[in-house]
Each structure stands twice: as structure tokens, then as C-alpha cells.
2 protein chains.
Amino acid sequence: MIIVTNRGPARFTRAPDGSFSAQRGAGGIVGVLGPNLSAEKDERIQWVATAMTDDDCAAVAAGKAELPGVDLELLVLEPRVHRLHYDVISNATLWFLHHGLFDLPRRPRFDHRFRDAWDAYVTVNRAFVERIADSASPGDVALVHDYQLSLVPGLLTKTRPDLRIVHFTHTPFCGPNSIRVLPDDVAHDIARSMVQVPCGFHTSRWASAFEASMTAVLGHDHRPTRVFVSPFAADAGDVLETRDSTATRDAIVELENHLGDRKLILRSDRIDPSKNIVRGFLAFDLLLREHPEWRERVVFVAMLNPSRESLPEYQAYRQEVEQAAAMVNERWGRADWTPVELDLRDDFPRAVAGYARYDVLLVNSLKDGLNLVAKEGPIVNQRHGVVCLSPEAGAFDELREAVLAVHPYDVDQNARALHDALSMPSDVRRERATRLRELASARTPAMWLGDLVDAAGPRR
Amino acid sequence: MIIVTNRGPARFTRAPDGSFSAQRGAGGIVGVLGPNLSAEKDERIQWVATAMTDDDCAAVAAGKAELPGVDLELLVLEPRVHRLHYDVISNATLWFLHHGLFDLPRRPRFDHRFRDAWDAYVTVNRAFVERIADSASPGDVALVHDYQLSLVPGLLTKTRPDLRIVHFTHTPFCGPNSIRVLPDDVAHDIARSMVQVPCGFHTSRWASAFEASMTAVLGHDHRPTRVFVSPFAADAGDVLETRDSTATRDAIVELENHLGDRKLILRSDRIDPSKNIVRGFLAFDLLLREHPEWRERVVFVAMLNPSRESLPEYQAYRQEVEQAAAMVNERWGRADWTPVELDLRDDFPRAVAGYARYDVLLVNSLKDGLNLVAKEGPIVNQRHGVVCLSPEAGAFDELREAVLAVHPYDVDQNARALHDALSMPSDVRRERATRLRELASARTPAMWLGDLVDAAGPRR
């Protein structure tokens, strides 16, 4: 089996003595797949990805980009090509497209610079295909992931028709009106590639949008090979193990001491416009205005990881997030109470401590492929906390009966939902939290991986 | 028959002596319906609309809001209610929604202020319903127009079940992903109202989006009563008459003297983000960069009507438009050649002179219900001009075989299309222009009106 992702399962760091150590990536496919792979003893696992940092490249050059249990192949790309593929096309174009983040009167503008970047995108997809073609055994299953690699299915099918290729999308997929935003030939090339292989999504909503988009671009004669839905799963064992680690237990004690008997509203996200962080603060602001009884009795801790800061859009959004938090604190804060606490450290044990302690977990994404926090949080939580979840997050489909829906644009409704969550009687909270934990852990990563392998079909 | 529109067919002006004169509105439904109505002698025509200006209100107060051939009823609204209905809900929310203009990470934010504005929107829709209910005869046909009056169908059906009500949308209609941006109850109220009556659209694309949106909001049990497609028509006789008027003939001579043997690229639009004016200038900039042979040989005249300037979004967009034009002029202009000429006068004869003289007409809208300029231009044009038309304009469906498609986001492709249009051999231009004129005048306003009346069904 070959796993193909843009970002690999680990990041390498060079120590002063020239040796390399590997840090397992946190979150997303990498966090979930990583620990489960080594368990599959009976099969050789290859993983093809991009060397993301200078140290990754150095580890490759030194022959030290190695992980136990995985044949890791990191592609070293020319820095300019890497930047154009990753920043300009993947993050600033396709991520924005699939999450509906464009301010369309102004962006995108497809011009010569875009064309250069698109050439780089094609180059990187080709480089992946060459590497896979070189190292795959006949009939191997190749699991290709996400929008950074949308041309791999088409190119690889041509180069290695013997492989059983599956593409899985972890983001939403844009609908037929949105895909028309792309230049015609670009939309066409992506679509022609994707329809060659079985394509998977976290919910039927993204799967339907994908099918409608393919029809919009290619007409009715080029139907996708197969479209399937398989929601990604939290690794309950792994997050519970993290919760019970010394680092997390220390963080929980620290958080308890800090909060005392105050209630905790928590969010944990990359700083990304799709996460809708600013409106979350506005809803909290409205809660404090409308319900003076919560002043000084609730703290909103936002654990936010700065992300993609080479893009101006992300720099601007981070500023807006910080300003919104400051606005709430200036308006309502007291000497001994900071209503919104921003925590920008990237510290997984600390995040899991937050999961254990929250009274309300807010996930109000504008659009979100799945949102794993909405599953991991309830598994770990120890206070019968309530999850306020946006219906625009893929996980909503599985969790809807035990969460409170928050409308991502309706700040008023969001404030009411926060109040309802904070005020919920403890027996109702307990019942819902129990049900939510069941729903959130109903599936395992192995089941998800099994669905992908099944979609690849039997060896021909 | 009762015509119901937010803006009436005429604007009134008070002279210093206290008398009132009526100016027929230009463009849109008002421009086309106005002259055709008086022709329908056999039927009493009522027209219910809003008094838009202080002078309109004064004319109503003086009993002088009158037009020949029409029973005009102008509603005088409380200024605050009028502003909230028109600016906040109709223009800044529903117009933005249906044209996909929101910068979603930032806008909209539905909060208390939105709720106040929505109450005003309901109030205005109710006021329309009361007025119609008071004055309609049993079994009358009521033709209700556009997003400003989306609650009228539902309310009026309840109040006056005897009326034969039709709703026609002149804008695009947003798809199921976008309508979820509205607060749940607002989307629900709009949908519950619209599905009560036959609903018409300019193209099957907006009609399908409407049906999918209704299903997304109401589920499968509340299907629209009837959905029909009837593209609005240019009034060929009226625009040709304008072309042959003294005012227009003078404007044509002036334009000819000004341009000499230079080619003319023309656009004629309200200054609205949906019109995509900035990217049009960027495409022209790219044309001049890539094709030095056009420098000094082409002028881009942009006839732009400032619009909705009480909204900050429109003020900002106007600035961006002016800056983009200035940028092109600074980069390429010479002492005796200004590449981009902005003409902000609202002067219909002058616009028609532009239609007569253009070599290329650019209509590159992001989204456009129909775009009547794309039909009126070819009817009037005297130089076998080429129309570069966005597939996102409703008129594209009817005109596609005789226009050049311009992708609204692909500036590169737009520049190539402008070059192709300017370079097209004269025999090809002639053939296409002839065909285009046929297509653009294939339908008449009376046919369109007939479709609406047919949709209303027979007297019960």
C-alpha cells in the first residue's frame, strides 16, 4: 500500500551534532494514520510526501528521513516550485475555492503569475507520479489525498494502469457554481483527473457537490468512476492516552487552578478564515452583553495555531482575530478576569487538557471538511461539556443529535446557543455528553482506512 | 393587472413653481415595461411601488404622482424603515447573496442590527400587501418583482387568495450552499413565501438554483408551485428610436470626432461589484502589455453610473474602479491618448451613441440576472461590433453562438478575447453581428409579459 499526501507523517529536525529526530505531525490525516500504520504488520506501507522544511530536505540528503514501520519517500522540490504549488495554488486558490473564502469582486485574478504557479502545480503532481510509479509494486493500492494532489489520479492511471488508485478529499468540495471560478482549462484538468478513480469524502454533502461539479465541468458523459463517503474517525485510544499522560495531567491541573470555578468555553483551531474565529468572539461579546450573569463567571480560551503565515490573507486574518479578542477584553474585562484568552502555543497536551476541562466546545466553521476536534473533544471531556457545532462542518452529519447547532453567520443565534449550552441542566448535559461520546467514537481510523482500501477494489 | 416593483416606473421632480414632472426610469424592468404598458389599452394597469425620493413623497402628498396610462400607487414609507428595507436587507444582504458578493470570512454578520432591519423588511412587504389587497379587483393578475418583495407572494396569497400572483426574479438566484448563509428563520420565511406562487427567472440556471435552494431550506415536501423561464427582452423599437433621436445623433458625432479612427471598447454599467469592472481594466492593461500594436489605437470607454452610494461597499468599490483606471492610464497613456475614459454621467442618449459606435462591447459580469446591455448594444450597433460576454450573465444562454465568451475571473483569457475581438476579420464580424442582432431581438417585451400572464393561469 502506498499513502500519498502533500505533508508527510513526520517533520525532521537536525540537532547540533548533525543527527536527525522525527516529530510525528499533529492533527489531520497524519496524526490519525501515523500510529495506526505500524500496526498493519502484514503489509509493506510506503508513504510518499513532500519535504516541507530545510531540515526535511537535509534529512533526505543525509539518507536519514526514516520512520519505523514506514518506507518514507520525501520529495525534495525546487524551493520556487514548492512555494508556488503550496502557497499560491494549494492554499491561496484551491483551499479558498473549496471553503468559499474568496472575496469574489476582488479575488481571484487569474493572470500570468497564476499561470506560472499552475505550471509549478503540474510539475509537483508529476514529480509525485514519477516517484510512485518508480517504487510501486504491481497492483499496489495507492491512496492519494487532497486538493494539493488533484492531478495525480489522472497522471498515475496513465503511467501505471495496474495500480488501484483512490483519491480522498479531507476538505469540503466546492459546488458547480464555484468551480466555474477556476480558469476553464484548470477546472477541466482537475475534473478529468479526479473522475478516473474512486473519490472519497467525509460527508454526502461534499460528495454530492463533487458530482455536481464534475457534471458542470465535463458534462454528463464523464461520470466519476465511483464516489464514496467515509467519515474520518478520531483515534480514541490515542487521545485518551494523551489525556492520561503526565504532560496533559499537569496541564489540566494548571488549567483548573487558573479557572477555579469559572466555566470554560473552548475553541481549538488553526488560524484560518474558514474557522470563523472572529464571529465566535462576537457571539461571546453578545452573550456578555445580553446575559450579565455570565460576566466574570466564564472564560473563553481560544487555542489557536498560527498557520500559513507566508500568505497575506492569513496575516490579515490573524490581526482581525487578535483585534476582536482585544475588543471583547477591553469592553468587559476586569482586573481579575480576562474574558478571552488567546493561547497561540502549539502544544497538543495542553489542547487535550482543554478538551478534558471544557464546559462548552465551540466549532463554528464556515465550512469544514470534517473537524476532528468535534470528535476528539467529547471523547476526552470530563465535565459533560456541550459541543456547539456548525452544520457546515462535515462531522455535523454524525453528531447532530447530541450537539447544539450554531449557525456560522448568525451571531445572534450563536450567542443564544452559548447561553443555552452554559445553562443546560446537569442531567441533560450528562445524557447528551454520553451519547455524543458514543457517536464520536463509533468509528475507528482502521474502519476509515478499510473503506479506502475497499474502494480501491480487488487486485485485478 | 397589477405590477408590483420596489422602484416605480418614474421618478418625480418638483419644480420651483410647485408643479411635478415625471422622468421615466432607465434600464431594467421599468425601462422596458413602461412604454409597453400604455399599449395594452384593453386592460386597466395598476402599478404599486415605493416612493423612493423626497420629491416622490411630495408628489404623492400633493396627489400628483401620476402617469398616463397607469394607475400609479406609490407607498410612502417611514424613512428609517425605507432605508433598512432598501439598503440593509435588499441591497447589502439579498443582492450580495444572490450575486455571490460576500467576503464570507467577514460579512455578513447577523446580529441585533440585522434583526431590526429584517423587521423593517417585513413591514415594507406587509405595506405592499395591504395596498395591493385594498385596490385589486377580484381575480386580478399581480406580477410581483424581485428580491425586495420576496415575502409578498406568501402574505398576499393569504390575504387575497382570489388573486393570480406571479413572482419574477430579475437577478440570479443563489444556490443551496449560499442560501444557508441566511439565518435559518429568514431563509425559511423567504422560501415559504416564494413556493406559494409561480416563480419566473431569466435562465434555467437561476431557476434550477432556486429549486435546489427551496429544497435545501424546506425539504422535499414543499416544492415550488411552478417554476418557469422567460428571458427578458430588449425593446428594439425603443432603443432604435433613441438611436435616431437628435440627442443621440449629436452624441454619435461627438464620439466619432473624439475617437477618429481609433477602435472603441465599450462597457456600460452601474458601478456594482457584480459587474466586475476592475478586472475588465486589468484585462485591458494586459492587452496593451502583450499587444503593443493596440497602444494608441484603442480607447476603452467605461460609461459607469454611480449606484447605491449610501453603502460603504459601493463607495469602496467605486474607489477601486477609479484607481484601476488611473493605473492603466498612468502606465500606458500618452499626451494625446487616454487609454481608459471613465464617463460617470447618467445620460441614456450618450450610452446609446456608445452602443452605435463600439467595436467591442465588454460585459464580464461575475453574475448577472440577464444583462440587457448585451441585447440592446447589438441591436443598435452600426460597426459589426463584437460582444465579449460572461457566461455568468443570464443573456449568455440566448446569445452564446454569436458572442465571445469572457471568463470573469480569468484576466488572461479576457485579454486574449479582447485581442481576438479587435482582430476579427471584417467578414466574420459582419456575419456574427448580423446573427447576434437576430438573437438579441428574437423576443419582445410583450412576449415576456405574456409569459408572466400565462404563468398566472386562467381566472378561477
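Residues numbered from 1 in each chain as written. Chains lettered and ligands numbered in written order. Predicted model: local features only at pLDDT ≥ 70, side-chain atom pairs only at ≥ 80, totals over all residues. Heavy atoms only, no water.

A. Molecular detail of the overall build of chain A. A count of helices and strands for chain A gives 18 helices and 15 strands. By the compact-globule yardstick of 23 Å for 460 residues, chain A fits well, its C-alpha radius of gyration being 22 Å. The dimensions of chain A, computed from C-alpha atoms along their principal axes, are 65 × 50 × 40 Å. Put simply, chain A has 460 residues, and 59% of those count as buried. Here the contacts in chain A between residues at least 6 apart in sequence split such that 79% fall between residues at least 24 apart. Averaged over its 55 positive side-chain charges, chain A has a centre that lies 2 Å from the centre of its 65 negative ones. (Helix = DSSP H or I, 4+ residues; strand = E, 2+ residues; numbered from the N terminus. Rg over C-alpha atoms; globule rule 2.2 N^0.38 Å. Buried < 20%, exposed > 50% of the residue type's maximum accessible area, 1.4 Å probe, protein only. Contact = heavy atoms within 4.5 Å. Lys, Arg positive; Asp, Glu negative; His and termini not counted. Charge placed at Lys NZ, Arg CZ, Asp CG, Glu CD.)

B. A look at the interface of chain B and chain A. Facing 38 residues of chain B, the contacting portion of chain A comprises 38 residues. Around 3300 Å² of area is buried between chain B and chain A when both sides are counted, 44% of it from carbon and sulfur atoms. If you sort the residues of chain B by the area they bury against chain A, P105, R180 and Y409 of chain B come out on top, with a joint share of 19%. Applying the counting rule to chain B against chain A returns 6 salt bridges. A salt bridge links R106 of chain B to E320 of chain A, with the nearest nitrogen and oxygen atoms 2.8 Å apart. Seen at the junction of chain B and chain A, the total is 25 residue pairs in polar contact (both at pLDDT 80 or more). Among the elements of the structure, helix 4 (112-135), helix 11 (277-290), helix 12 (312-332) and helix 16 (411-423) of chain B are those that each provide at least two residues to the side of chain B that touches chain A. With 5 residues, the single largest contributor to the side of chain B that touches chain A is helix 11 of chain B. Tallied by class, the residues present in the side of chain B that touches chain A amount to 18 nonpolar, 4 polar and 16 charged. (Buried area = accessible area lost by both parts, 1.4 Å probe. Salt bridge = Lys/Arg side-chain N within 4 Å of Asp/Glu carboxyl O. Polar contact = N/O pair within 3.5 Å; in protein donor to acceptor, adjacent residues only side chain to side chain. Nonpolar A, V, L, I, M, F, W, Y, C, P; charged D, E, K, R; others polar.)

C. Expanded view of the sheet that holds strand 11 (residues 298-305) of chain A. All names here are of chain A. Across the sheet, 6 strands lie side by side as 12-11-10-13-14-15; this open sheet has parallel pairing. Of all strands in the sheet, those bounded by a partner on one side alone are strand 12 (340-343) and strand 15 (404-405). Sheet strands touched by helix 14 (residues 373-380): strand 10 (263-270), strand 13 (360-363) and strand 14 (386-389). Its angle to strand 13, the strand with the most contacts, is close to 170 degrees. (Pairing = 2+ DSSP bridges. Axes fitted to C-alpha atoms, helices over the stretch in contact; angles between N-to-C directions.)

D. The pattern of salt bridges, seen in detail. Residue and element names in this part refer to chain A. Tallying each qualifying case throughout the model produces 66 salt bridges over all chains. Note that D111 is salt-bridged to R113, the shortest N-O span being 3.5 Å. Residue class for D111 comes out buried when judged on its relative accessible area of 17%. Residue R113 is classed as exposed on the basis of its relative accessible area, which comes to 66%. Residue D359 pairs with R357 through a salt bridge whose shortest N-O separation is 3.2 Å. Taking relative accessible area as the criterion, D359 reaches 3% and is therefore assigned buried. Beyond isolated ion pairs, a larger network of salt bridges with shared partners links E256, R357, D359, R383 and R429.

E. Focus on the relation of the copies chain B and chain A. Taken as rigid bodies, chain B and chain A are interconverted by a rotation of 180 degrees and an axial shift of 0.0 Å, the fit giving an RMSD of 0.0 Å. Such a combination of turn and shift is consistent with a two-fold rotation axis. Minimal C-alpha distance to the rotation axis in chain B is attained by D103 of chain B, lying at 2.1 Å. Both copies present the same face, since 100% of the interface residues in chain B are matched by interface residues at the equivalent positions in chain A. (Least-squares fit on C-alpha atoms with pLDDT ≥ 70 in both.)

F. Up close: the pairing of strand 7 (residues 164-168) of chain A. Residues and elements named next belong to chain A. Among the 5 residues that make up strand 7, 5 are buried, leaving the element largely enclosed by the rest of the structure. Both faces of strand 7 are covered, namely the face carrying R164, V166 and F168 and the face carrying I165 and H167. Of the crossover connections in this fold, the one passing from strand 6 (residues 141-145) over helix 5 (residues 152-159) to the parallel strand 7 is right-handed. Relative to strand 8 (residues 198-201), strand 7 runs parallel, the two sharing 2 bridges. When the sheet's bridge partners are listed, F168 is paired in strand 8 with G200. (Right-handed = clockwise from strand over helix to strand, strands pointing away.)

G. Fine view of the confidence of the model for chain A. Across chain A, the average pLDDT comes to 94, with 96% of residues at or above 70. Among the scores for the predicted complex, ipTM is 0.94 and pTM is 0.95. (pLDDT = per-residue confidence, 0-100.)

H. Quick look at the domain arrangement of chain A. All names here are of chain A. Domain boundaries assigned for chain A yield domain 1 (2-233 + 445-456) and domain 2 (236-441). A straight line from the C-alpha centre of domain 1 to that of domain 2 covers 29 Å. Carbon and sulfur atoms supply 61% of the area that domain 1 and domain 2 bury against each other, a total of about 1800 Å² over both sides. In this structure, the connection of domain 1 to domain 2 is made through 1 salt bridge. (Domains from an automatic or database assignment.)

I. How the structure looks around the sheet that holds strand 10 (residues 263-270) of chain B. Residue and element names in this part refer to chain B. Read across the sheet, 6 strands follow the order 12-11-10-13-14-15 without closing on themselves; strand pairing throughout is parallel. Bordering the open sheet on either side are strand 12 (340-343) and strand 15 (404-405), each of which pairs with just one other strand. In the sheet, strand 10 pairs with strand 13 (residues 360-363) via 2 bridges, with the strands oriented parallel. Bridge pairing in strand 13 links L266 to L361. Running at roughly 150 degrees to strand 12, helix 12 makes contact with strand 10, strand 11 (298-305) and strand 12 of the sheet.

J. Here's a closer look at the packing of aromatic side chains. Residues and elements named next belong to chain A. Summed over the entire model, instances satisfying the criterion amount to 28 aromatic pairs over all chains. Aromatic pair F114 and W118: ring centres 6.5 Å apart, planes at 10 degrees, arrangement stacked. Note that F114 and W118 are positioned in helix 4 (residues 112-135) at a spacing of 4 residues, about one turn of the helix. Judged by relative accessible area, which is 5%, F114 ranks as buried. (Phe/Tyr/Trp six-rings, centres within 6.5 Å; stacked < 30°, edge-to-face > 60°.)

K. Seen up close, the environment of V186 of chain B. All names here are of chain B. Within the element layout of this structure, V186 appears in helix 7 (residues 184-194). Here the alpha-carbon distance between V186 and W118, two residues 68 residues apart in the chain, equals 8.3 Å. Look past the residues within four positions of V186 in its chain and what remains in contact with it is F114, R115 and W118.

L. The environment of L362 of chain A, seen in detail. Residues and elements named next belong to chain A. In this structure, L362 sits in strand 13. The class for L362 is buried, based on a relative accessible area of 1%. Residues L362 and V387, 25 residues apart in the sequence, show an inter-C-alpha distance of 6.2 Å.

M. Focus on the pairing of strand 1 (residues 2-7) of chain B. All names here are of chain B. When you tally the buried positions in strand 1, you get 5 out of 6 residues, the bulk of the element. As defined by bridge partners, strand 1 adjoins strand 4 (residues 46-50) across 4 bridges and the pair is classed as parallel. Residue pairing in the sheet places I2 in a bridge with Q46 of strand 4. With 3 bridges connecting them, strand 1 and strand 6 (residues 141-145) associate as parallel partners. Bridge assignment links I3 to a residue of strand 6, and that residue is L143.

N. Spatial organisation of helix 9 (residues 236-243) of chain B. By the burial criterion, the buried members of helix 9 of chain B are D238, V239, T242 and R243 of chain B. For helix 9 of chain B, the arc enclosing every buried residue in end-on projection is 140 degrees, short of the 170-degree limit, so these residues lie on one face. (Arc of directions from axis to C-beta.)

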